[in-house]
Structures are given as C-alpha cells and as structure tokens.
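# Secondary and tertiary structure notes
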Amino acid sequence: MTKEKIEMLLSTELGRIAPDIDMEDVDRGGDLREEFDIDSMDFLNLVTALSKALGLDMPEADYGKMGTFDDLLAYLEAKSA
Amino acid sequence: MSAFVMPSLGADMEAGTLVEWRKKPGEDLRHGDILAVVETQKGAIEIEVFEDGLLEGYLADIGEKVPVGTPIAVIRHEGEEPGSGMPDLTPSDARPSLEADETASQAGIPAPPPPTPTVAPVPKSAKALHSGAKDRLKVSPAARRLADAAQLDLTMLIGSGPDGAIVLADVTAQIAERKRVPAQTAGISAASPDGDTDKMAGMRTAIAAAMQRSKREIPHYYLAHVADITAAEFFVADKNNGREPVDRILLGAVLMKAVASALKKYPEFNGHHTEAGFSPSKAVHLGVAINIRGGGLVAPAIHNAETRDIDSLMARMRDLVARVRAGRFRGSELSDPTITVSSLGDRGVETMFGVIYPPQVAIIGIGTPVERPFAKDGAVFARRTVNLTLSADHRVSDGHRGALFLSKIARLIEQPETL
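The shown structure was predicted, so the numbers you read here are calculated from the model rather than taken from an experiment.

Let us look at the overall build of chain A. Secondary structure summary: chain A contains four helices and zero strands in total. Walking chain A from its N terminus toward its C terminus, one meets helices and strands in the order α-α-α-α. Expressed as a percentage of the 81 residues in chain A, the buried residues total 22%. Across chain A, every contact between residues at least 6 apart in sequence was considered, and the portion connecting residues at least 24 apart equals 63%.

The next thing to look at is the overall build of chain B. Tallying secondary structure elements over chain B gives ten helices and 20 strands in all. Counting only residues that meet the buried cut, chain B has 39% of its 419 residues in that class. Taking the intrachain contacts of chain B between residues at least 6 apart in sequence as the baseline, contacts between residues at least 24 apart amount to 64%.

Moving on, we come to helix H1 (residues 3-17) of chain A. All names here are of chain A. Between the first and last C-alpha of H1 there are 21 Å, a value that for 15 residues agrees with the 21 Å anticipated at 1.5 Å per step. Among all positions of H1, only Ile-6, Leu-10 and Leu-14 are buried. Around the axis of H1, the buried residues are gathered within 65° of arc, so they sit on the same side. Seen from the buried face of H1, the exposed residues on the opposite side, beyond 90 degrees, are Glu-4, Lys-5, Met-8, Thr-12 and Arg-16.

The next subject is the pairing of strand E19 (residues 370-376) of chain B. Residue and element names in this part refer to chain B. The buried count for E19 comes to zero of seven residues, which makes it a mostly uncovered element. Alignment of E19 against strand E20 (residues 379-393), held across seven bridges, turns out to be antiparallel. Bridged to Pro-373 within E20 is Ala-382.

Residue and element names in this part refer to chain B. With antiparallel pairing, four strands are arranged side by side in an open sheet as E1-E8-E6-E3. Edge positions in the sheet fall to strand E1 (2-5) and strand E3 (28-29), since each of these pairs with one other strand and no more. Where E3 lies against strand E6 (residues 53-58), two bridges are found, and the strand directions are antiparallel. Across the sheet, residue Leu-29 finds its bridge partner in E6, namely Gly-53.

Time to look at the interface of chain A and chain B. Accessible area lost when the parts come together is the quantity often used to give the size of an interface. Taken residue by residue, the interface counts 13 residues in chain A and 13 residues in chain B. Counting residues per element, the ones that place at least two in the side of chain A that touches chain B are helix H2 (32-36) and helix H3 (40-54) of chain A. Per-element tally for the side of chain A that touches chain B: the top contributor is H3(A), with six residues. Class assignment for the residues of the side of chain A that touches chain B results in five nonpolar, three polar and five charged.

Right, let's get into helix H7 (residues 251-262) of chain B. All names here are of chain B. Relative to the 16 Å expected for twelve residues at 1.5 Å per residue, H7 spans 17 Å between its end C-alpha atoms, a close match to the ideal helical length. Counting buried residues in H7 gives eleven out of twelve residues, a clear majority hidden from the surface. Within the sequence span of H7, burial applies to Leu-251, Gly-252, Ala-253, Val-254, Leu-255, Met-256, Lys-257, Ala-258, Val-259, Ala-260 and Ala-262. In this structure, the buried residues of H7 make contact with helix H6 (230-240), strand E12 (286-288), helix H8 (310-325), strand E17 (339-343), strand E18 (362-366) and helix H10 (399-414).

Before going further, it helps to spend a moment on the environment of Arg204(B). All names here are of chain B. For Arg-204, the location among the structural elements is in helix H5 (residues 195-217). Residue class for Arg-204 comes out partly exposed when judged on the 14 C-beta atoms lying within 10 Å of it. Spatially, the C-alpha atom of Arg-204 lies 9.5 Å from that of Lys-42, the residues being 162 residues apart in sequence.

Residue and element names in this part refer to chain B. If you trace the five strands from one edge of the open sheet to the other, you get E7-E2-E4-E5-E16, paired in mixed fashion. Of all strands in the sheet, those with a lone pairing partner are strand E7 (65-67) and strand E16 (329-330), marking the two edges. Looking at chain direction, strand E5 (residues 43-48) and E16 are connected through two bridges and run parallel. Pairing of Glu-46 across the sheet is with Arg-330, part of E16.

Put simply, Pro358(B) and Pro359(B) share a cis peptide bond, and its omega is 5°. In the Ramachandran plot, Asp37(A) falls in the positive-phi region, its phi being about 50° despite a non-glycine side chain. For Asp37(A), a count of 15 C-beta atoms within 10 Å corresponds to the partly exposed category. Of note, Asn304(B) is a non-glycine position whose phi angle comes to about 50°, a positive value. Relative to the assigned elements, Asn304(B) resides in the loop between strand E15 (301-302) and H8.

Residue and element names in this part refer to chain B. Grouped together as the largest cluster of nonpolar side chains are 94 residues, with contacts concentrated most on Val-254, Met-256, Val-259, Leu-286, Val-288, Ile-409 and Ile-413. Per-element tally for this core: the top contributor is H7, with nine residues. Looking at which domains feed residues into this core, each of domain 1 (2-106) and domain 3 (219-418) gives three or more. Once you skip the residues sitting within four places of it in the chain, Ile-413 turns out to touch Ala-227, Ile-229, Ala-232, Val-254, Leu-255 and Ala-258. Counting five residues, the second-largest nonpolar core is a separate cluster that includes Ala-143, Ala-147, Leu-157 and Val-171.

Cut-offs and rules
- Residues numbered from 1 in each chain as written.
- Chains lettered and ligands numbered in written order.
- Predicted model: local features only at pLDDT ≥ 70, side-chain atom pairs only at ≥ 80, totals over all residues.
- Helix = DSSP H or I, 4+ residues; strand = E, 2+ residues; numbered from the N terminus.
- Buried ≥ 20, exposed ≤ 12 C-beta atoms within 10 Å, placed from the backbone.
- Contact = placed C-beta atoms within 7 Å.
- Expected span 1.5 Å × (residues − 1).
- Arc of directions from axis to C-beta.
- Pairing = 2+ DSSP bridges.
- Nonpolar A, V, L, I, M, F, W, Y, C, P; charged D, E, K, R; others polar.
- Core = buried A, V, L, I, M, F, W, Y, C linked by C-beta atoms within 7 Å.
- Domains from an automatic or database assignment.

Structure (structure tokens):
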C-alpha cells in the first residue's frame, strides 16, 4: 500500500474515533492522544482497526513508536513495506 | 395481559419521547427483545421487554413525550384471549422513587433484594402500610380538609402523628414536594432533543438534576488511598503479549474486577437507597462513567460484573464505550447500576472524588496512573501507582468500613493474579 493510501486510512480511522477533530487543526508532531483527545480505549480501537485493515501485527510493545500522527504513519509504512 | 410502561433510565429521567416502534402489534415478544426506541436527554435508547408474550397494541404514539411509569404498550401472555382482561392502565400515583423501583423490577432489572434486618430497620412504604386499609386511615380533620382541597391522595402519605396518623404537617410537606417536581420537569422539557446544541443542553440539565439531588440528599464522606499498580501493569502486558488487538485488555478492566470482587464482603456499598431505606444488591451492576465527546457523560452498567472474569469485563467495557460513542445503548444498562466507577484514564490528574449518582450509595474514583517514590519493606522504589477514592453515603455506611473496602480494592489490584 502506498504512503498516501496508508495516510488516508489513518485519517479515516481517526476521524471515525474523533469526528469532532478537524485534521487541518492537528499538530502531526504533537502527542496523538492529546491532539485527538482520545483515551486508552479509543487508542486500542484505533490499533485494532489499523491492524485489521493493513493485516499488520501491532504488538503492545510497539505503542511507544505510535506517539504522534507522524510517528504512527512512519511506523505503519515501515511495517507494511 | 400486562402494561409495558416507560421505564426509568436513571434517577434524572422524567419522561422519554417515543421515536420508533421496533415491534408491530401481533408480533411475538421474547425476553430481551427491543420494543421501541426512546429519545432521552442521554440520546436515543433502545427499550427492551423482559417477558415473553405478544404485542397486543400500542398505548402511545410516535413523537409523544411520555412520563416515566406511564403505560405505552399492552403485552398479552400465552394462553390469554385477545382483548381479555385489559390491565389496569391507570398510571401509578406512587411517588417518583417508588415508581422507579416498580419500573425497575418490571423492566427485569434484578431488583435489589429486600433489606435484611442486619442493615437497618426499614420503614414500610406508604403503599404497603395502607394497602387495603383505606377506610381505616387515621387522618386529622384539618389534614383531611387540606388534602381534599389539594386533591391529594391520602394513601400516599406516611403519617407522623400518634399511631401513624396523618396530620396537617404531612399534607403540607407532600404538597410542597409535589410543587417541586413539576418545576424540575419544566426545566428539563425546555431543552428539546432537537439538534446537537439542544441535546447537549438536555444532557447538562440531566446531569445537573441528578447531581443536585445527590448533593441535597446524600451526606457524602470521602476516603483516599494509593494502590501500587506496577504488578497489575505487568499482568496486563503479559496477558496482551501475543494477543491480537481485538483481544487485548486494558488496566481499567483489572481495576473493575478488583472493585467487583471487593464488594462481595462489603455489601453496604452496592445497592440503592430509596425512601424505604437501603436495599443491598446481590448482583454487582457496575456503572462505568464514560465521557461523551463534546461534553457530558453517562454511566451505563456492566451487569453481573461479579460473575465475570477480566476478559469478559473488558469485552463488555469495549462494547459499552463503542455504543455510547455511537449514541446507542439499552435502557436496562442505563437504569440503575448498583455502584459506579469513574476513571480519569491516562490523561488526567492524580485524584478524583466522585459525586454519588442517586439512588446508588457509593462511587469509586480512579486517578491517572503516575510513577512515584514508594516505600516498601524498608526501602524506597520507583513504582507506578494510582490514587483510589471512595465517596460513600453516610446514611448507609461509615468511614471505618469504607476504609476497609477501599484498602481491600487496593490489595486486590496489587495482587492481580488472584483476581
């Protein structure tokens, strides 16, 4: 999957969880949970949706690499490569 | 035949607007079927039936705003002839709290068991006291005159005079109470459930009504304790290792399990306090406070939490959160959890003291986990901890038992493998 497609998927899933947040206003290098106002349950649902859609193993031990929008995007790209 | 009434979906609900019938007259009904969808201040709620039978007919129309306790449909039971023996459909004239109790049992929520003598002597309800004894009511002449003038049903009252006689003061108190209730209703109906802004205003009004009642009626006391969650976090990481995301658990599920388990030995924190006194509940219907994006919160119940393991609690929490976010939850989940847990999650502050949601008698607050120096066995370690709090009803329990209960929860959290 191309970078653009992964980014679109990530934005779509975040939009589903946080429909009130405008992607335009988000700091992509800022704390993902702060930027989207999501809690640990939302984050788990995000990981669940992404790992299913991309067929990826996203272990809990890797959560540290998913701290910001950009980090998460880079992580997904590297994993899908 | 029986009447299906608008259920009470929480102490703050006065009425619901019927938006959709899910069953047609003549259709079979099974325990747990969704009969209708009702719009409340908390959003659209699916109303379930808790008996088997056949839908005989509707008693309310789509769009109609129906007060709690009012019949909205007639259910025919097996073996009954169509139209035979219509139930007495006169709305109950009981006071709101009594009404709520009746509704709860009608809706199939396991009603809290009758109070045991060990808890406290409980006054009989006005209805039980006077049932079938209308003629023998003891009423002072002044009280009877005022009651007649105000069209007040004397059988609703508990007399405070000699031999339980109803005196003037009882009647004036009841009239004052009756004035208070419509005023509240008016405030709520001002916020119609149209549009997001109104919905939000409705939610705020509902929270305000419940919290005002709580602070007016419930003498809260507050306790706080620190629990070491280092072991619990390892426990969660260990369980999740190798699991698909869909099967993973959160620390919150371990904390819920600890609360449900600790309640076994501390029944005075699990149940409802009504005008008839405190009724402990055998089952733990664990209310989980879930915040709603954009404002407000609801605290629907995980039913029979004491019988579930951590994975099952996690699955129920996930399902509840998903449905709250989507604005779809069932009436039985909203009506009357027996205790509530409110957790700030990862992004919050260290300590939270909750306000009890009536008619419950306790709420557990869980702060944001923090690492801090923690002394143990004569040495200081960096440990992950959470601050736990208990807000409890002093009419029902005392600080001594509350402290034992809260420290029991902490001990269970610190030994997650025993849960």
